[in-house]
Amino acid sequence: MAPEPRQAQLSMKREMSMKKLASLLAAAALVSGAYFLTFGLPAPLSGLLPGAADVAEQSPNPAARGGRPGGPGRRGGGATTVVVEPLQEEPYIDILRAIGSTVAQSSVDVVSSVSGAVTGVSIVPNAHVAAGDILLELDNRTEILNLEIAQAELDQAVQTVERYENLLTNADVTAVDVADAKVAVRLAESSVGLARIALEDRTVRAPIAGRLGLSDAEAGDWISSEQVIVTIDDTQNLMIEFELPERAIGLLETGRAVLANTPVFTGRTFEGEIVAYDSRLDSVTRSVTVRARIENPDGLLWSGMTFAIRLINEIEKLPAVPATAITWDRSGSGVWVNRDGVAARVPVTILYREGNRVWIEAPIDVGTPIVIEGAQKLREGAALQVDEIVRGGSEEPA
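Quick notes on the rules
- Residues numbered from 1 in each chain as written.
- Predicted model: local features only at pLDDT ≥ 70, side-chain atom pairs only at ≥ 80, totals over all residues.
- Heavy atoms only, no water.
- Helix = DSSP H or I, 4+ residues; strand = E, 2+ residues; numbered from the N terminus.
- Buried < 20%, exposed > 50% of the residue type's maximum accessible area, 1.4 Å probe, protein only.
- Contact = heavy atoms within 4.5 Å.
- Areas by Shrake-Rupley, 256 points an atom, 1.4 Å probe, with all protein chains shown as cover.
- Expected span 1.5 Å × (residues − 1).
- Axes fitted to C-alpha atoms, helices over the stretch in contact; angles between N-to-C directions.
- Parallel < 35°, antiparallel > 145°, perpendicular 65-115°, else oblique.
- Left-handed = near helix turned anticlockwise from the far one by under 90°.
- Nonpolar A, V, L, I, M, F, W, Y, C, P; charged D, E, K, R; others polar.
- Phe/Tyr/Trp six-rings, centres within 6.5 Å; stacked < 30°, edge-to-face > 60°.
- Pairing = 2+ DSSP bridges.
- Core = buried A, V, L, I, M, F, W, Y, C linked by side-chain atoms within 4.5 Å.

What follows covers the overall build of the protein. Assigned secondary structure in the protein consists of five helices and 23 strands. Looking at the protein as a whole, 31% of its 398 residues qualify as buried. In the protein, 72% of the contacts between residues at least 6 apart in sequence involve partners at least 24 apart. Total accessible area on the protein is roughly 24,900 Å²; 54% of this is exposed by carbon and sulfur atoms.

Attention shifts here to helix α5 (residues 175-200). Compared with an ideal rise of 1.5 Å per residue, which puts 26 residues at 38 Å, α5 spans 38 Å between its outermost C-alpha atoms and is within 8% of the ideal. All of the buried residues along α5 are Val178, Ala181, Val185, Ala188, Val192, Ala195 and Leu199. Along its buried surface, α5 packs onto α4 (141-166) and β7 (203-205).

Where α4 meets α5, the axes come as close as 8 Å, and the angle between the chain directions of the two elements is 165°. With respect to their mutual orientation, α4 and α5 come out roughly antiparallel. Considering only the axes of α4 and α5, their crossing is left-handed. Classifying every residue of the contact of α4 with α5 by side-chain character gives 17 nonpolar, four polar and seven charged.

A separate point is α4. A rise of 1.5 Å per residue sets the reference length of α4, with its 26 residues, at 38 Å; its end C-alpha atoms lie 38 Å apart and thus fit the reference within 8%. Considering only its buried residues, α4 is in contact with α5.

Moving on, we come to the packing of aromatic side chains. Evaluated as defined, the whole model comprises four aromatic pairs. Summarising the aromatic geometry, the rings of Tyr92 and Tyr352 are spaced 4.3 Å apart at their centres and angled 15° between planes, so their arrangement reads as stacked. Taken as a pair, Tyr92 in strand β3 (residues 88-111) and Tyr352 in strand β18 (residues 349-354) lie far apart in primary sequence, 260 residues in all. Tyr352 gets classed as partly exposed once you look at its relative accessible area, which sits at 26%. When the ring of Phe265 is compared with that of Phe270, the centres are 6.1 Å apart and the planes differ by 70°; the resulting orientation is edge-to-face.

Let's shift gears to unusual backbone geometry. Across residues other than glycine, the phi torsion is negative in most instances, and most of the peptide bonds are trans. Within the chain, Asn126 stands out as a residue other than glycine whose phi angle is a positive 70°. Note that Asn126 resides in the loop between β4 (116-121) and β5 (128-129). In this structure Asn126 comes out as partly exposed when scored by relative accessible area, which is 45%. A positive phi is found at Glu226, a non-glycine position, where the angle reads about 65°. Mapped onto the secondary structure, Glu226 falls in the loop between β9 (222-223) and β10 (228-245).

Right, let's get into the pairing of strand β17 (residues 342-347). Sheet topology places strand β16 (residues 332-339) next to β17; six bridges connect them, and they run antiparallel. For Gly334, the partnering residue across the bridge sits in β17 and is Pro347. In this antiparallel pair of consecutive strands, β16 and β17, the connection spans two residues, and Asp340 shows a positive phi of 55°.

Time to look at the nonpolar core. Phe242, Leu244, Phe307 and Ile309 are the most contacted members of the largest nonpolar core, which has 22 residues in total. Every element with two or more residues in this core is listed here: β3, β10, β11 (257-261), β12 (269-277), β13 (287-295) and β14 (306-322). Discounting chain neighbours no more than four positions away, the residues touching Leu244 are Leu96, Arg97, Ala98, Leu252, Ser287, Val288, Val290 and Leu311.

Further remarks concern the pairing of β10. The pairing of β3 with β10 spans ten bridges and is antiparallel. Bridge pairing links Ser107 to Asp233 in β10. Strand direction decides the pairing type here: strand β8 (residues 210-212) and β10, joined by two bridges, are antiparallel. The residue bridging Leu212 from the neighbouring strand is Ile232, located in β10. With nine bridges joining them, β10 and β13 adopt antiparallel strand pairing. When the sheet's bridge partners are listed, Glu241 is paired in β13 with Arg291.

Below, the structure is given as structure tokens:
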């Protein structure tokens, strides 16, 4: 009974082998059919089939006609179809961008040097004031009386000097008495000056011209010394502080123009100039702090507004090519040039990139045809079939 199971196993193995062979033959038939449909029958086989020559002549595929099969982008006997463009020189505009906020070039916090009760307030928020305008008055009755007392003592001292000078010839009045009387006059004058200053301190005036901020001071309030009463911003000139990257160091100079835009006035550009910049880079951000001044004679701009800053640097003309012309290999970046219908690769150094335009440094003369489309499929010495470039709706041969 043992031989029967063994024969069954052999039979199953033969059936599996036949199935695998049939699957391989079917796959080969599918691949061959796809190849023949795509590239046509090879020339040796096409002659063996009846009527195959007529089919080959009518086929649009070059391989079906017995010619050399050409890949995508090839025509004209194996030449690679490319689009070229003469090498041109263009200026490169380097734009450095930053975000900054404004502060008034002159800004002060108005405080009172003395304490006292408020008797009058002349502060109107957002109003413009001139230097010396009265903002607030404190109770000054005591200071007025002190000034009157000091003035009376001065008058008395002056009269004493005059009387001593008239009696100087009298034995009862000596030169020493006259000198002492003159010293008393000087002391009285100083007392008058101090009393006058104390009286003036009871009136708070604007130290600079500018725009007033908000204030909570009202008549009857008690103001302490060194208490901030109101702020004044001179917005005739605004200062913008911003940071630029390390590569901007060579562009920084006092007086260099900057452009500023704010979302408050969409579409409007304000011009300014650099007035100062830091002497070292930030160790964390690797940036330098810059200050620029913007004139604001009409008062449109406020302190604290946010601005987008642009520092424009236009570099001299350099060779420029489309980004599609750049190719890469083990040696680095390069471009393909058309030299009498033959492809030649030239190594280049990429200097700048903006959008789909690349500025390069390369030993290539201006006007040399550069391959801008089809460069990825080229090989050194490959024959080129130059296609026509369509620019602005008109066709121009490259």
